[in-house]
Amino acid sequence: MTPTESIPLLIVVVLLLSASGVDPDAMTIHYAGDRDVATMEDVLIVAGGSVSVPADAAIDGQVYVIDGQFEVAGTVDGSLTQLAGSVAVPASGTITGEFQTIAGRSDVAAGATVGSRQVLEVDPREAEGGGAEWLLLLLQILGLGLLGYLLGRRQPALLENVGRAVTDHPGVSSVTGGFAGTVLLVLIIAMAFTIVLIPVSVIGLGVLVLTVAYGQVAIGYRLVQPLGIRQARWRAALGGALVAVLLEVLGTVPLVGGLAAGVVALAGLGAVLITYYGLRRFVPPTIPGPA
Amino acid sequence: MVGYGLYVAFMAAGYYYNVTFVQLGLLDLGTRHVGLSRTGVSWWMAGLALLTVVVAIATGVAVDRRGLGRDLHAKLRLLFGVVFVQVLLVAIAPHIRSVAGFGTWIVVAAIALGVGVPVSFGLTVDLVPAPDRGYVAAAITAAAYFLANVYPLDWRIETFSAAMLAAMVPGLVVLGWLASGRSGLVDALADQHERFGVGRFCHPEPVGLRSRTFASLLVLTFAVFFVDSLGFLRIVEEPILVVSSWGSPAFGDHLLLAVVHVIGAVVAGVFYRNFRKRTIYLWVFGLFALSHLLYTLDIQLGQLFPTLGGAPPVVNPATYAVAVSVYTTLNFALWPDLSTPDTIGTHTAVGVGVSGWLATFMSTALALRLQEADVGLLSHLNLVNAMALLVFVGLLVAWYVGNARHHGAGGEAA
C-alpha cells in the first residue's frame, strides 16, 4: 500500500477518533522507517514502516494500524485496532484493552496477554459468491422496486421525463452521466481528503447513489411501457426490479457485459441530470443548417 | 466529408504548432540557445501576443471589408502564404543564437500567426455546417492534443522543429495544390457558405461585435485561457507535479493523458451541440477550480505529512486535461458560430486573438514574473484557483439573476 492509498484508511481512523471525542492534534502518525516507541501522545497511528514497543517499555493510549508492521513486545496500556498491515504480539507482549482486527495479518503468541480479542471473521465461502451475491441482488431488486413504487405513486411524470431522455437521447445521457459521475466522484473524494468535509462527502455520495438508482428506475419505467400496466406505481416498481435483474445479467456477459451495465447506469444518471431530476423534458437546441 | 477532413487537418495542425512549437519551443530556444532569462523570454512572448492580436484584427477587418470571407480560393491562397512562412520559421528557429535574431523571429512569427487566425477560422463558413461545428471542433481538439501529448516527449526546439517540418512540408504541398486554383474540389466547396455560413448564434439576427453577447463571451473566454495558462505554466515548472504526467519519461503516462484529452473533447462536442453556452462555461471553470483544488490539496497534504510527498495521483492532470479539452473545443466552435460569412474575419480575429492569444501570453508572462518574484507554488495555485472559483460563482449568480429577470418579465407581462 502506498502512502497515498493509505489516506482513505487514515480518514476512517480520524472519523473514529472524532466520534470518540479524541483531539486529532494528539495523533502521532508513523509512515516510514523503523522506530521503537517508549512514549506516545493519546493516539498512535501506524501507516507504514515498522513500529515496535520494546520489551521494557509501556505506552499509554490508543493504537491504530492501517499499514506497515507493529510489534508489541512490551505493554500497550489501552486498545489496539488493526485495519490493515500486520501486528505481532510475542509472548512478552501485553495489551490491556481490546485488540480488534478488522483486516490484515495478526499473530498473537500463546503467552501474550490481551485484555480482549475481537477478529472480524469473513467466511471465505460467502465471500466467493453464492448466498451473499443472491442476497445483494435481492436487496437491489427490493430497493429499486420500492423506490419505483414510491416515485410512481407520487411523481410518475418525473419518471416519464427521465425515461424519455434515455431512450430519445441515449448519447447525450450517457456522455453526461459518465462525465458528471466521474467528476462528482472525484469531488466527493477530494472533499473527504480535507477531513473537515467528510460529512459533506458522505452525504454527497449518498445523493449520487440515490440519483443513479433514480435513473435506473426511470429506465425500467420506460422499458416496461409496452406491458400496458395502467397504474404508474406498479409499472415503476416492476421496471425498477427488472433493471436490477437486467444489470446483473448484463454483468455476467464476459468482456463487454460489465461495460454495458455501466453505460446503462450512467445513461440513467445522465438523463436524471439533463432533465433536472425529471422536472423538465430534455430538448436539445435547434440549430438551423442545410436541409 | 472531404471539407470536414480538410478543415480538421488544417486546424489541428495549426493548433499543434501553437501548443508545442510556439508555447514550449520558444521558451527552450530563448533560454538555452539565446541565453535570455525566463523573465526576458516572458516579455518577448507578451510582445508576440500583442503583435499577433494587432495583426489578426487588422487582417480580420481587411478580410471582411474586401469580402474575402465569401472567397474560399482567396482564403486558401492566404493560408498557403502563412504556412509557407511558418515552415521557414520552423526550419530557422534551432539555428538562432542572438537576441536580435530571436526578436526578428518573434516579429515574423507574430505576423504569420496574426494573418493565420482569421483566414483559417474563416474556412469554417465554407466547410462546416453550423449543426456539426461542435463535433468538428471536438475532432480538431482531440487530434491536436492527442498528438501533442504523445509526440514529441522531448521539449527541445530541435525536436519540435524536426517534428513540425516532417508534418508541415507535405501539408504545404497539398495546400499549394488546393490554393493553385486548379482543384475542382475547391470549386465544389466554394459556394457552401451560402447554405450554412451563418453561425448558430446568429439566428434570427446576426451577433454584432459590440453586442453584450459577444463582449461577455470574449471576457469569459479570456478568463478561461488566462486561468489555464497561469496555472499550467507553474505546474509544468515543478518537476514533482509533472513527473507522473507531462514530464514523465514513461510513454504510457503521456498516452493516458492523450486519451483523456480525446475523451474530454468528445464530451465537449456533445455538450456544445446539446446544451447552452453557459452550461459549458460552468463546466470549464468548475473543472479548472476542481483541478487546482486537487493540486493544492496534494501540496498541503505533503506539507502536513512530509512522508506523503510524491507525485500527485493521475486524477489531477487528467482533470486538468479534460478542462483544457472542453474549452478548446468551445473556442474552435464558438467564434464561427457568432459570425456570418461577412463578419467571420473580424469576429474570429477579435475572439481568438483577444481571448486566446492575448490571454495566454499575458498570463504566461505573469506566471514567469511571479516565479521570478519567488511567489510560492501553493500561493500561486491558490491564486489561480481563486480566479476560477470567482468566475464560476459569478456565472452561477449571473445565471440566477438572468432567470429571475426572465421570470419577472414574464410575470409582469402576464
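Quick caveat, the model's predicted, so the values are computed rather than measured.

## What about the overall build of chain A?
Next, step 1: The helix and strand tally for chain A stands at 8 helices and 11 strands.
Next, step 2: Within chain A, buried positions represent 43% of all 291 residues.
Next, step 3: Within chain A, contacts between residues at least 6 apart in sequence are counted, and of these 35% link residues at least 24 apart.
Next, step 4: Taken as a whole, chain A presents about 14700 Å² of accessible surface, with 63% of it coming from carbon and sulfur.

## Some remarks on the pattern of salt bridges
Should their charged atoms come close, side chains of opposite charge can pair.
Next, step 1: Counted by the stated rule, this structure contains 11 salt bridges over all chains.
Next, step 2: Between R222(A) and E160(A) there is a salt bridge whose closest N-O contact spans 3.3 Å. Taken as a pair, R222(A) in helix α6 (residues 198-223) and E160(A) in helix α4 (residues 156-168) lie far apart in primary sequence, 62 residues in all. For the pair R222(A) and E160(A), one class covers both residues: buried.
Next, step 3: Measuring nitrogen to oxygen at the nearest pair gives 2.9 Å for the salt bridge that ties R156(B) to D154(B).

## What to know about the packing of aromatic side chains
Next, step 1: Summed over all chains, the structure comprises 19 aromatic pairs over all chains.
Next, step 2: Both rings, one in W44(B) and one in F102(B), keep their centres 6.1 Å apart while their planes meet at 90°; by these two values the pair is edge-to-face. Residue W44(B) is found in helix α2 (residues 38-65), and its partner F102(B) is found in helix α4 (residues 99-122); the two are separated by 58 residues along the sequence.
Next, step 3: Between F214(B) and W335(B), the ring centres sit 5.4 Å apart and the planes meet at 55°, which makes this aromatic pair tilted. Taken together, the residues F214(B) in helix α10 (residues 212-235) and W335(B) in helix α14 (residues 315-337) connect sequence positions 121 residues apart. Comparing F214(B) with W335(B) shows no difference in burial state: the two are buried.
Next, step 4: Put simply, the rings of F179(A), F282(A), F271(B), F275(B) and W283(B) touch in pairs and so form one group of aromatic residues.
Next, step 5: The ring of Y276(A) has R280(A) sitting right over it, with the charged end atom 4.7 Å from the ring centre.

## Regarding unusual backbone geometry
If a residue is not glycine, its phi is most likely negative; likewise, a peptide bond is most likely trans.
Next, step 1: For the bond from H203(B) to P204(B), the omega torsion is 0°, close enough to zero to count as cis.
Next, step 2: The phi dihedral of Y276(A) falls on the positive side, at around 55°, and the residue is not glycine.
Next, step 3: Inspection of the secondary structure assignment puts Y276(A) in the segment after α8 (256-274).
Next, step 4: Exposure remark for Y276(A): the relative accessible area of 39% places this residue in the partly exposed category.
Next, step 5: You will see that Y277(A), though not glycine, has its phi angle at about 60°, which is positive.

## Notes on the interface of chain A and chain B
Next, step 1: With 26 residues of chain A at the interface, the matching set in chain B holds 26 residues.
Next, step 2: For the pair chain A and chain B, the summed buried area comes to about 2400 Å², and 84% of that belongs to carbon and sulfur atoms.
Next, step 3: For the pair chain A and chain B, the interface holds 0 salt bridges.
Next, step 4: For the interface between chain A and chain B, the tally reads 1 residue pair in polar contact (both at pLDDT 80 or more).
Next, step 5: For the side of chain A that touches chain B, the elements supplying multiple residues, two or more each, are α1 (7-19) and α5 (170-193) of chain A.
Next, step 6: Across the side of chain A that touches chain B, the residue classes tally to 22 nonpolar, 4 polar and no charged.

## Quick notes on the environment of V82(B)
All names here are of chain B.
Next, step 1: You can see V82 is positioned in helix α3 (residues 72-92).
Next, step 2: Residue classification places V82 among the buried positions, given a relative accessible area of 7%.
Next, step 3: Taking the C-alpha atoms as reference points, V82 and G181, separated by 99 residues in sequence, lie 17 Å from one another.
Next, step 4: Those residues in contact with V82 that sit more than four places away from it in its chain are A112, V115 and G116.

## Concerning the confidence of the model for chain A
Next, step 1: Scored by pLDDT, chain A comes out at a mean of 84, with 87% of its residues at no less than 70.
Next, step 2: Per-element confidence in chain A ranges from a low mean pLDDT of 51 for helix α2 (residues 124-127) of chain A to a high of 93 for α4(A).

## What about the pairing of strand β9 (residues 94-101) of chain A?
Residues and elements named next belong to chain A.
Next, step 1: Of the strand pairs in this sheet, strand β6 (residues 75-77) and β9 are connected by 2 bridges, and their pairing is parallel. Note on β9: the bridge partner recorded for V76 is I95.
Next, step 2: Pairing analysis gives 3 bridges linking strand β7 (residues 80-82) to β9, with the strands arranged parallel. By the bridge assignment for β9, L80 is matched with F99.
Next, step 3: Relative to strand β11 (residues 113-119), β9 runs parallel, the two sharing 6 bridges.

## Considerations on helix α1 (residues 2-33) of chain B
Residues and elements named next belong to chain B.
Next, step 1: The largest bend along α1 reaches roughly 35° and is located at G25.
Next, step 2: Counting buried positions along α1 yields 23 of 32 residues, so the element is predominantly enclosed.
Next, step 3: Backbone geometry just after α1 places G35 at a positive phi near 85°.

## Quick look at the confidence of the model for chain B
Where the model shows low pLDDT, its predicted coordinates should not be examined in detail.
Next, step 1: Across chain B, pLDDT averages 86, with 94% of residues at or above 70.
Next, step 2: As scored by the predictor, the complex reaches a pTM of 0.77 and an ipTM of 0.74.

## Topic: the packing of α2(B) against α4(B)
Helix packing geometry: the angle between the two helix axes and the distance between the axes.
All names here are of chain B.
Next, step 1: Running from N to C, α2 and α4 point in directions that differ by 35°, and their axes come no closer than 7 Å. The interaxial crossing formed by α2 with α4 has right-handed handedness.
Next, step 2: Its residues assigned to classes, the contact of α2 with α4 comprises 16 nonpolar, 5 polar and no charged.

## Notes on the domain arrangement of chain A
Interface size is often expressed as the accessible area that is lost when the parts come together.
Next, step 1: Under the domain assignment, chain A is made up of domain 1 (7-121) and domain 2 (127-274).
Next, step 2: One C-alpha centre belongs to domain 1 of chain A, the other to domain 2 of chain A; they are set 41 Å apart.

## Remarks on helix α7 (residues 232-252) of chain A
Next, step 1: Taking 1.5 Å of rise per residue, the 21 residues of α7(A) would be expected to cover 30 Å, and the 30 Å separating its terminal C-alpha atoms lies within 8% of that figure.
Next, step 2: Within α7(A), burial applies to A232(A), R235(A), A236(A), A237(A), G239(A), G240(A), A241(A), V243(A), A244(A) and L247(A).

## Focus: the packing of α4(A) against α6(A)
Residues and elements named next belong to chain A.
Next, step 1: Packing of α4 against α6 leaves a shortest axis separation of 8 Å and a crossing angle of 80°. Between α4 and α6, the interaxial angle falls into the category roughly perpendicular. On the side of α4, the interface is formed by P156, L158, L159, E160, V162, G163, R164, V166, T167 and D168, while α6 contributes Y214, V217, A218, I219, Y221 and R222.
Next, step 2: Considering only residue class, the contact of α4 with α6 consists of 10 nonpolar, 2 polar and 4 charged.

Cut-off values and rules
Residues numbered from 1 in each chain as written. Chains lettered and ligands numbered in written order. Predicted model: local features only at pLDDT ≥ 70, side-chain atom pairs only at ≥ 80, totals over all residues. Heavy atoms only, no water. Helix = DSSP H or I, 4+ residues; strand = E, 2+ residues; numbered from the N terminus. Buried < 20%, exposed > 50% of the residue type's maximum accessible area, 1.4 Å probe, protein only. Contact = heavy atoms within 4.5 Å. Areas by Shrake-Rupley, 256 points an atom, 1.4 Å probe, with all protein chains shown as cover. Salt bridge = Lys/Arg side-chain N within 4 Å of Asp/Glu carboxyl O. Phe/Tyr/Trp six-rings, centres within 6.5 Å; stacked < 30°, edge-to-face > 60°. Lys NZ or Arg CZ within 6 Å of the ring centre and 35° of its normal. Buried area = accessible area lost by both parts, 1.4 Å probe. Polar contact = N/O pair within 3.5 Å; in protein donor to acceptor, adjacent residues only side chain to side chain. Nonpolar A, V, L, I, M, F, W, Y, C, P; charged D, E, K, R; others polar. pLDDT = per-residue confidence, 0-100. Pairing = 2+ DSSP bridges. Bend = angle between axes of the 7 residues up to and from the residue. Axes fitted to C-alpha atoms, helices over the stretch in contact; angles between N-to-C directions. Left-handed = near helix turned anticlockwise from the far one by under 90°. Domains from an automatic or database assignment. Expected span 1.5 Å × (residues − 1). Parallel < 35°, antiparallel > 145°, perpendicular 65-115°, else oblique.

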